[in-house]
Amino acid sequence: MGAEVTLAVVGGGIAGLAAAYRALEHLPAHRIALLEREAKLGGKIRTEQSDGFLLEAGPDSLALSNPWAAALCRDLGLQEELRFAKPEFARLYIKRDGRLHPLPWGIAASLQETLRALVKSELLSTAGLLRAACEYFLPPRREPGDESIANFFSRRFGGEFYRWLVEPLAAGIYGGNAPELSLEAALPELRKMELHYGSVLGGLLWSGVDHGAGRSAPAPRIATLKGGLERLVKALEQRLRGTVLLNSTGVTRLVRREGRYALFLTNGGSLTADAVVLATPAPAAAAMVEDLDPALADLLRTIRFAPSVVVSVAFHEERIGHGFDGYGYLCPRAEGGPVRAVTWMSNKFPDRTPAGAVLIRASMREPCSESLEARGGELVLRAVLAELRGTLGIRSEPLFWRVHYWDRGIAQYAPGHRGKTKLIRERLLHHPGLYVAGSSYDGVGIPYCIASGFRAADEACGDREPVLGRSTPPYS
Ligand SMILES: Cc1cc2nc3c(=O)[nH]c(=O)nc-3n(C[C@H](O)[C@H](O)[C@H](O)COP(=O)(O)OP(=O)(O)OC[C@H]3O[C@@H](n4cnc5c(N)ncnc54)[C@H](O)[C@@H]3O)c2cc1C
């Protein structure tokens with residue numbers, strides 16, 4: 001049998017890195033191993049420098065409204081390196097019938113202002129707006145149980161509101177097929193409002209979420225790091241010098257032996273650990289625990305991931321002939337076309353483009369992603385150029401372009417997801433010292449993955465006391 005460690009963290013994405021970092025704080029004198037299948041740590045977080053451009057292959061921003069990302073950046077001394085999205089461009093457009101309709105970025109100051117902006121945007125027809133306003137008077141659904149967000153918004157606010165507003169916003173976060181998303185997992189507070197206040201609009205009015213007319217809403221706290229999000233990975237890697245970092249080392253199988261776990265590795269070796277955090281996507285964790293607990297493996301395997309395709313394309317500024325005054329725009333599924341979202345990166349984070357150039361990032365829609373990948377990057381680029389020509393009138397040849405593919409892009413929380421994660425955690429109780437973390441369970445955003453890594457490490461180290469500062473925010 002190979003090396004022995006106290007804790008093995010499997011998967012070197014942000015969740016695994018956060019788990020190893022937190023465990024090292026709990027157990028500085030113990031041996032902790034981080035095993036990553038790929039040569040590089042970071043998982044979906046990957047920044048590339050090319051021809052003077054700074055590109056993100058996966059995520060491009062951090063929502064600092066979630067306390068975990070902010071706490072980790074502070075702890076790693078990265079505060080000075082945070083770069084906030086430019087507030088003067090805090091505007092998002094939604095495309096309908098080829099036209100872009102402006103909406104404020106994030107929650108406007110009050111429900112009144114949000115509704116005013118929605119009316120002004122002309123995104124929805126008068127009938128669609130009136131139907132949405134009727135939500136206030138509709139009786140709540142009292143039967144328990146989860147449902148898809150498509151079902152929830154269509155029944156409460158009407159199909160038009162769902163198709164042209166909610167679907168593109170949800171797809172912008174989760175990718176994949178937003179109609180299949182679980183309400184309970186993606187937007188649990190809305191179901192609570194329906195049950196508690198009788199309607200979502202009532203909940204927004206009476207719960208204190210509404211900031212009140214004339215009062216300013218919290219500024220959107222969207223940030224990246226100087227040098228890109230991979231800076232966070234590098235900073236964590238540096239702090240993990242005291243651990244056994246095993247890159248290019250995948251785990252194939254996990255078995256229980258004499259009260260400990262034996263991990264079998266892709267390099268033919270093995271490792272013994274008292275406790276294990278599986279911080280890989282759930283289907284990869286399923287393959288590892290197949291022999292240990294087939295029922296657990298079956299549950300893990302049902303958590304699906306949608307493929308993602310991200311296209312970064314740059315132009316000479318003067319050849320485009322015009323600017324753009326927002327962060328970007330979303331293309332609803334109902335509008336058709338292979339592009340789901342377009343981000344004007346040079347507006348959002350201007351310091352990642354050389355002078356005189358404009359950088360745009362496009363995300364492709366799921367069913368198109370697979371077929372487009374099969375047909376090569378040129379075809380994906382042509383689809384994006386056609387979208388930019390049709391909607392923004394950009395006819396210039398690109399100065400530069402890159403396509404990044406993710407087979408397992410973003411986790412898709414289907415209705416019943418919360419129940420499934422509860423069952424997974426119950427099954428884990430049969431395996432003392434075995435934990436899971438990562439985007440498959442309690443949130444797909446980076447801050448949630450950080451929280452899940454910390455939570456797994458706290459549980460594995462048998463210590464729920466706060467480590468980062470005096471007060472620890474709740475994990476989710
Ligand atoms: C295109 C795209 C855009 C996104 N945009 C944003 C955004 O702007 N903001 C945001 O907050 N979130 C965003 N997300 C979501 C976020 O990036 C991910 O949910 C998060 O990074 C996942 O982290 P993780 O550690 O759970 O998993 P991963 O990053 O997937 O890491 C898991 C790691 O496990 C490794 N692994 C797998 N199997 C094994 C094995 N058998 N043995 C050892 N190692 C293994 C993998 O190689 C990988 O490195 C985006 C995601 C994508 C794909």
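Residues numbered from 1 in each chain as written. Predicted model: local features only at pLDDT ≥ 70, side-chain atom pairs only at ≥ 80, totals over all residues. Heavy atoms only, no water.

**Comments concerning the pairing of strand β9 (residues 222–225)**
Along β9, one buried face is formed by I222 and T224 and the opposite face, lined by A223 and L225, is buried too. The sheet contact formed by strand β5 (residues 62–63) and β9 spans two bridges and is antiparallel. Pairing of L62 across the sheet is with A223, part of β9. Pairing of strand β6 (residues 82–84) with β9, which is carried by three bridges, proceeds in the antiparallel orientation. Each residue of the ladder has a partner; that of F84, found in β9, is A223. (Buried < 20%, exposed > 50% of the residue type's maximum accessible area, 1.4 Å probe, protein only. Helix = DSSP H or I, 4+ residues; strand = E, 2+ residues; numbered from the N terminus. Pairing = 2+ DSSP bridges.)

**Focus on the pattern of salt bridges**
One side chain can pair with another of opposite charge once the charged atoms of both are near each other. Within the structure shown, the criterion is met by 32 salt bridges. With its nearest N and O atoms 3.9 Å apart, the salt bridge here joins R83 to D351. With R83 in strand β6 and D351 in the loop between α14 (345–348) and β17 (357–364), this pair connects stretches of sequence that are 268 residues apart. Between D351 and R352 there is a salt bridge whose closest N-O contact spans 3.8 Å. (Salt bridge = Lys/Arg side-chain N within 4 Å of Asp/Glu carboxyl O.)

**Some details on the sheet that holds β6**
The three strands lie next to each other as β5-β9-β6, forming an open sheet whose pairing is antiparallel. Each edge of the open sheet carries a strand with a single partner, namely β5 and β6.

**Quick notes on the domain arrangement of the protein**
The domain architecture assigned to the protein consists of domain 1 (3–45 + 229–303 + 413–460), domain 2 (61–87 + 305–411) and domain 3 (107–206). Taken together, the eleven residues of domain 2 in the interface contact twelve residues of domain 3. Taking both sides of the interface into account, the surface hidden between domain 2 and domain 3 amounts to around 970 Å²; carbon and sulfur atoms contribute 64%. Interface area lost by domain 2 to domain 3 is led by L330, R333 and R340, which between them contribute 45%. Across the domain 2-domain 3 interface, the total number found is one salt bridge. Two residues, R333 and E167, come together in a salt bridge whose shortest N-O distance is 3.8 Å. For the side of domain 2 that touches domain 3, a count of residues per class yields six nonpolar, no polar and five charged. (Domains from an automatic or database assignment. Contact = heavy atoms within 4.5 Å. Buried area = accessible area lost by both parts, 1.4 Å probe. Nonpolar A, V, L, I, M, F, W, Y, C, P; charged D, E, K, R; others polar.)

**With respect to the sheet that holds β17**
Ordered by their spatial adjacency, seven strands build an open sheet running β8-β7-β15-β16-β17-β14-β18, and the pairing between neighbours is mixed. Edge positions in the sheet fall to β8 (99–104) and β18 (400–412), since each of these pairs with one other strand and no more. Averaged over all pairs of adjacent strands, the angle between their axes in this sheet comes to 25°, without regard to strand direction. In this sheet, β18 lies alongside strand β14 (residues 304–316) in antiparallel orientation, the contact comprising ten bridges. Each residue of the ladder has a partner; that of S312, found in β18, is R402. In the packing of helix α6 (residues 159–174) onto the sheet, contacts are made with β7 (91–96), β8, β15 (328–330), β16 (339–344) and β18, and the angle to β7 comes to roughly 125°. Running over the sheet, helix α16 (residues 377–392) touches β7, β8, β14, β15, β16, β17 and β18 and is turned about 65° from β14. (Axes fitted to C-alpha atoms, helices over the stretch in contact; angles between N-to-C directions.)

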